[in-house]
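# Descriptive structure summary
If you want the building blocks of each chain, they are given just below.
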Amino acid sequence: MKGKNIYDRNVVFISVDPWKEERWARKQMLAWLLSYRFKNVVYYVAPGSSERSLPHLRRIKSNLYLVDVPCIPKFLQGSALSKLGVLIPSSVLCFLLLLLGSKEPIFVTYHSTNFAFTKKLASIFGKSLICYDLTDDWSEFQIPEGAVKNKIKQAEEKAVKEADVVFAVSKKLYEAARKINPKTYYLPNATDVDSFRRTTTDIPVSPEIMRIPGPRIGYIGKIALWKTDFDLLEYLARTRPDWSLVFLGPVVREANLPADKLSEHTNVHFLGPRNYNSLPEYIKGFDVCILPHVVDPLTNSMDPIKLYDYLATGKQIVSTPVAEAIKFKGVIRIAYSNDEFVKQIGEAIQHSRDYNPAGQLEIAGQHSWESRAAELARIIESNSEAITTAQT
């Protein structure tokens, strides 16, 4: 890539997350913002991650394209047709990249299961830059100890080693990956500062929230068995029936049972997912924002986006002591036990009228998605000579 303008290249995201208008997470944010810096951006939903029943190709904006082609249904997997599950979507992606005139494209890929595919795809175009974005410790995802866990860990290490550039979302992931690949960069999550800071203005509170009695203790995001501390929430709902617990976000299937049990408390309200752009209107009605995550190797490798969103709202925050929350302990409340969690929320409510959010708003301003995209682009530019050459 030497001697050529890196920003004349196309960027291809090989994502494990479908493109959802109601949920803008790291991958979508970076893809959207990089489209303002690079020639074209293609967001490809990897086989197995699609939630669609029919192929979906869309031009999201003038130079941002979505490729979401479902793989072969599970009941056909293992049959002669199963190979089409990868062949069809990858062919569609290749055809689009050729139409866009992709020469020496830049790939940003997620999860080791997609790394071999990314390398093979890169080889078609001769020379490419392959970036591996580490967002979780995948070996810790409810996988029993043993051969499967070790296999995933080895695959992750192989992807980190062979990538031209590695981004790590948390300090834990950064320190581990840096030992394998010196071209590893700490690139934490961020927030849409302008959007979430609207809660400090006179925007109306969502009527749906207003119907719920206060004080309201709020949470936004996915409710999942592997990260949500249901014991803590059960204790909170039971000991403070005068507080309303409000959850905005999808309940992952395996969490249905504990969520149903928690909702038996009349002060617990699961509202489901809401459009991303409407979240500030809901959060404005919260008295306190919470991050009730279990503390274990998996959650300590994560960097919750909701934490940055909370910071930008100016609302007081109470969190369990997960690693990436502790780094903000100067402006958020960290609770090390169930009793302390309840106590910290109570103190936050008590001091809500005289709370000055200036400190946390200043910190939130340092963690915008725009700044993250700019840093990612700078890293790509500085590594533009680290070319992955086609293997013949």
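Just above sits the structure.
Residues numbered from 1 in each chain as written. Predicted model: local features only at pLDDT ≥ 70, side-chain atom pairs only at ≥ 80, totals over all residues. Heavy atoms only, no water.

### Brief notes about the overall build of the chain
Check the secondary structure of the chain and you find 15 helices and 15 strands. Taking all contacts inside the chain whose residues are at least 6 apart in sequence as the whole, residues at least 24 apart take part in 70%. (Helix = DSSP H or I, 4+ residues; strand = E, 2+ residues; numbered from the N terminus. Contact = heavy atoms within 4.5 Å.)

### Description of the nonpolar core
Residues F13, L34, F167, I290, I345 and I380 are the most contacted members of the largest nonpolar core, which totals 85 residues. When near neighbours in sequence (up to four residues on either side) are disregarded, F167 contacts R26, C131, Y132, D133, L134, Y185, L187, L376, I379 and I380. One finds V42, L96, L100 and A122 within the second-largest nonpolar core, a separate group that totals 30 residues. (Core = buried A, V, L, I, M, F, W, Y, C linked by side-chain atoms within 4.5 Å. Buried < 20%, exposed > 50% of the residue type's maximum accessible area, 1.4 Å probe, protein only.)

### Brief notes about the sheet that holds strand β12 (residues 288-291)
A sheet is described by the order of its strands in space; here six strands give the open sequence β11-β10-β9-β12-β13-β14, paired in parallel fashion. Two strands bound the open sheet, and with one partner strand each, they are β11 (268-272) and β14 (333-334). In this structure, strand β9 (residues 216-220) lies alongside β12, joined through two bridges in parallel fashion. Along β12, the bridge assignment pairs G218 with C289. Contacts from helix α11 (residues 305-313) reach β9, β12 and β13 (317-319), with the element oriented near 135° to β9. Of the strands in this sheet, β9, β12, β13 and β14 are in contact with helix α13 (residues 338-350), which crosses β12 at around 160°. (Pairing = 2+ DSSP bridges. Axes fitted to C-alpha atoms, helices over the stretch in contact; angles between N-to-C directions.)

### With respect to the side chain of S319
Examined against the element boundaries, S319 turns out to sit in strand β13. In contact with S319, not counting residues within four places along its chain, are L291, A325, I332, R333, I334, A335 and F341.

### Side note on unusual backbone geometry
When glycine is set aside, most residues are seen to have a negative phi, and most peptide bonds are trans. A cis geometry characterises the amide bond from G214 onward to P215, with omega recorded as -5°. One non-glycine residue, H111, lies in positive phi territory at about 70°. You can call H111 buried: its relative accessible area is 17%.

### Side note on the pairing of strand β10 (residues 244-248)
Across the five residues of β10, five count as buried, placing the element largely inside the fold. Neither face of β10 is open: one carries S244, V246 and L248, the other L245 and F247, and all of them are buried. Pairing between β10 and β11: four bridges, direction parallel. Across the sheet, residue L245 finds its bridge partner in β11, namely V268. Once the chain exits β10 it traverses helix α9 (residues 256-262) before rejoining the sheet at β11, and the crossover so formed is right-handed. (Right-handed = clockwise from strand over helix to strand, strands pointing away.)

### Regarding the packing of aromatic side chains
Tallied over the full model, the rule gives 13 aromatic pairs. For the ring pair W32 and Y36, a centre distance of 6.2 Å and an interplane angle of 70° mean the geometry is edge-to-face. Relative accessible area serves as the criterion here: at 55%, Y36 is assigned to the exposed category. When the ring of Y308 is compared with that of F328, the centres are 5.6 Å apart and the planes differ by 85°; the resulting orientation is edge-to-face. One end of the pair, Y308, is in helix α11; the other, F328, is in the loop between α12 (323-326) and β14, and 20 residues separate them in sequence. Accessibility assignment for this pair places Y308 and F328 in one class, buried. Among the aromatic residues, those joined into a cluster by ring pairs are F13, W19, W24, W32, Y36 and Y43. Looking at K27, its charged tip hangs above the ring of Y110, at a distance of 4.7 Å from the centre. One residue, K61, lies across the ring of Y36, its end atom 4.0 Å from the ring centre. (Phe/Tyr/Trp six-rings, centres within 6.5 Å; stacked < 30°, edge-to-face > 60°. Lys NZ or Arg CZ within 6 Å of the ring centre and 35° of its normal.)

### Notes on helix α14 (residues 358-365)
Every α-helix winds through 3.6 residues per turn, so residues three or four apart in the chain are directed the same way. Of all the residues in α14, the buried ones are Q360, L361 and A364. Looking straight down α14, one finds that the buried residues subtend no more than 100° of arc, so they occupy a single side. (Arc of directions from axis to C-beta.)

### Remarks on the pairing of strand β5 (residues 106-109)
Burial of β5 is two-sided: the residues I106 and V108 facing one way and the residues F107 and T109 facing the other way are all buried. Sheet topology places strand β1 (residues 10-15) next to β5; four bridges connect them, and they run parallel. Bridge pairing links I14 to T109 in β5. For β5 and strand β6 (residues 127-134), the ladder comprises four bridges, and the chain directions are parallel. Paired with V108 across the bridge in β6 is C131. With helix α3 (residues 115-124) bridging β5 and its parallel neighbour β6, the resulting β-α-β unit is right-handed.

### So, the side chain of E234
Tracing the chain through its elements places E234 in helix α8 (residues 230-239). Overall, the relative accessible area of 17% leaves E234 in the buried class. At 2.8 Å, the side chain of E234 forms a polar contact with the side chain of H265. With residues near it in sequence (within four places) discarded, E234 still touches K261, L262 and H265. (Polar contact = N/O pair within 3.5 Å; in protein donor to acceptor, adjacent residues only side chain to side chain.)

### A closer look at the packing of α8 against α13
Contact geometry for α8 and α13: axes closest at 10 Å, N-to-C directions at 55°. The orientation of α8 relative to α13 falls into the category oblique. As α8 runs across α13, the sense of the crossing is right-handed. Facing α8, whose interface residues are D231, L232, Y235, L236 and T239, α13 presents N338, D339, F341, V342 and I345. (Parallel < 35°, antiparallel > 145°, perpendicular 65-115°, else oblique. Left-handed = near helix turned anticlockwise from the far one by under 90°.)

### Thoughts on the pattern of salt bridges
If you walk through the whole model with that rule in mind, you get 12 salt bridges. Close ionic contact of K27 with D17 constitutes a salt bridge, the shortest N to O distance being 3.0 Å. With K27 in helix α1 (residues 26-34) and D17 in the loop between β1 and α1, the pair connects residues that are 10 residues apart, well separated along the chain. E162 is the partner of K158 in a salt bridge, and the nearest nitrogen-oxygen pair spans 2.9 Å. Taken together, the residues span about one helical turn, with K158 and E162 both in helix α4 (residues 147-162) at a distance of four residues. By relative accessible area, which is 31% here, E162 ends up partly exposed. One connected set of salt bridges, linked through shared partners, spans K119, K158 and E162. (Salt bridge = Lys/Arg side-chain N within 4 Å of Asp/Glu carboxyl O.)

Any link to function would need more than the numbers given here.
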